[in-house]
Amino acid sequence: METPLLDELEKGPWSSFVSEIKKAAKKSKKAEGLLGQLELSYKEKKTHWKHGGIVGVKGYGGGVIGRFSDVGEQFPGAAQFHTIRVNQPSGWFYTSDALRKLCDIWDKYGSGLTNMHGSTGDTVFLGASTDDLEDIFCELSAASWDLGGSGGDARTPSCCVGPARCEFACYDTLALTYDITMTYQDELHRPLFPYKWKFKMAGCPNDCVASIARSDFSVIGTWRGEIQINQDAVAEYAEKGLDIKFEVVRRCPSKAIKWDGVKLTINNSECVKCMHCINVMPKALRQGEDKGAAILVGSKAPIVQGALLSSVIIPFMKIEPPYDELKALIRKIWDFWDENGVARERIGELIQRVGLGNFLETIGIEPSAQMVIQPRDNPYIFYEEYYESE
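Within each chain, residues carry numbers counting from 1 in the order of the written sequence. Selection of residues for local features in this predicted model requires a pLDDT of at least 70, selection of side-chain atom pairs for listing and counting requires 80 or more, and totals for whole chains, interfaces and linings are taken over all residues. Heavy atoms from the whole structure form the basis of all side-chain values; hydrogens and water molecules are not counted.

Secondary structure elements follow DSSP: runs of H or I of four or more residues count as helices, runs of E of two or more count as strands, with numbering from the N terminus. Of regular secondary structure, the protein chain possesses 15 helices and 15 strands. Based on the C-alpha atoms only, the size of the protein chain along its principal axes is roughly 70 × 60 × 40 Å. Relative to its full complement of 390 residues, the protein chain shows a buried share of 47%. For the protein chain, the proportion of contacts with a sequence separation of at least 24, taken over those separated by at least 6, is 65%. All accessibility values rest on the Shrake-Rupley procedure with a 1.4 Å probe; residue burial counts only the protein chains present in the view. On the protein chain, roughly 20,600 Å² of surface is accessible, and the fraction owed to carbon and sulfur atoms is 52%. Computing the positive centroid from 45 side-chain charges and the negative centroid from 53, the protein chain places the two 5 Å apart. Remark: exposure states derive from per-residue accessible area (1.4 Å probe, protein chains only) relative to the maximum for the residue type, with buried under 20%, exposed over 50%, and partly exposed in between. For this analysis, residues touch if any pair of their heavy atoms sits within 4.5 Å. In summary, the charge assignment counts Lys and Arg as positive and Asp and Glu as negative, without counting His or the chain termini. Throughout, a charge is located at the NZ atom of Lys, the CZ atom of Arg, the CG atom of Asp or the CD atom of Glu.

On to the sheet that holds strand β7 (residues 158–159). Strand order across the open sheet formed by five strands is β7-β8-β9-β14-β15, with mixed pairing between neighbours. The strands lining the two open edges of the sheet, one partner per strand, are β7 and β15 (311–317). Any two strands with at least two DSSP-identified bridges between them are counted as paired. Here β7 pairs with strand β8 (residues 199–202) via two bridges, running parallel. From the neighbouring strand, Ser 158 faces β8, where its bridge partner is Lys 200. Whenever a helix is involved, its axis is fitted only over the stretch in contact; in every case the axis is a line through C-alpha atoms, and angles between N-to-C directions fall within 0 to 180 degrees. Taken strand by strand, helix α12 (residues 324–340) contacts β8, β9 (217–224), β14 (290–297) and β15, and its axis lies near 160 degrees from that of β15.

Of all the residues in helix α2 (residues 16–25), the buried ones are Val 18, Ile 21, Ala 24 and Ala 25. Angular distribution of buried residues about the axis of α2 spans 130 degrees; they occupy a single face of the element. On its buried face, α2 is in contact with α1 (4–9), α3 (29–44) and β5 (113–116). Arc, as used here, means the arc of the directions from the helix axis to the C-beta atoms.

Strand order across the open sheet formed by four strands is β2-β4-β6-β5, with antiparallel pairing between neighbours. Looking at the sheet topology across the chains shown, the edges are occupied by β2 (64–65) and β5. The sheet contact formed by β2 and strand β4 (residues 82–86) spans two bridges and is antiparallel. Looking across to β4, one finds that Val 64 is bridged to Ile 84. Across the sheet, helix α5 (residues 133–142) is in contact with β2, β4 and β6 (123–128); its angle to β4 comes to roughly 15 degrees.

Right under this line is the structure:
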């Protein structure tokens, strides 16, 4: 197959986008069809994936994204090119045997093309035919894999590696992600929400899963109390050439750190838990001993409306099994969203529309200073008590 435009693209910095499809096309008619359709799309400068055509497996409303070609007669291999989302393990920990099993199933039924991983977190199979969906699902189930979420439902929960590999984790992200996944099976597989809902669990404020920018419900590890300081280790960093005043003190966003050349001091009441100082001097500084998580709500990418970052609604919560407090909060937010949300409206957009105050009042949470995104930026912010005193 002649693909001059894709050949030119293959010369660029992201050549694997084309080269991997070409590799798969040598043994897969589906990948070969995709290659031809892509070439046509670049030539005509328009997509040839058409809207319409819902597909799935029995008992599940989510997990399979239908994709049909409007030039299927020209490229029959890509006429049906559905995407299957496979629920990934917590922290993306796989054994080589598990990966081989996934690849064997996909080589048998699909195009052989995968995405490791999608923005939601799933293992993504690209290119399935409608008639093969049930067989793929049965073989995945027999190998102890499940489908992920898609559509107006809870998308597949994801997390960072947490305490399995990271010394900074403030709670067990892996355990919480597994528990959330198992608890909300109906919400994950049977779309009933106004739009998508994403859980992401980050073990510390470094937020290695970018939950603050990409999830409707972020659980970001944090701590209460003072940062633990080892002054001898601080001195050792200085002796080995670290410019503490420039690299640590001047880069503290809340100006909470002082260094006199001998002793490092931190005004913990001003600390915003950004982790910068700890990241720079991990042998000298450690998080406070009382660990938990901040709960944030409302981020999204710019799809229907513009991008949003999450807002804090619970500054600190202990994250311990069976997670009853956390689950009670989730249920209150879902009830509010179900009652007031409109089609294709994320929870962050709903909060913007009705106002944070009304949202907090409905779910029974008292306002706090941590909820203000830009403190001291607007003098015209009043609590209800202000009006009541007039």
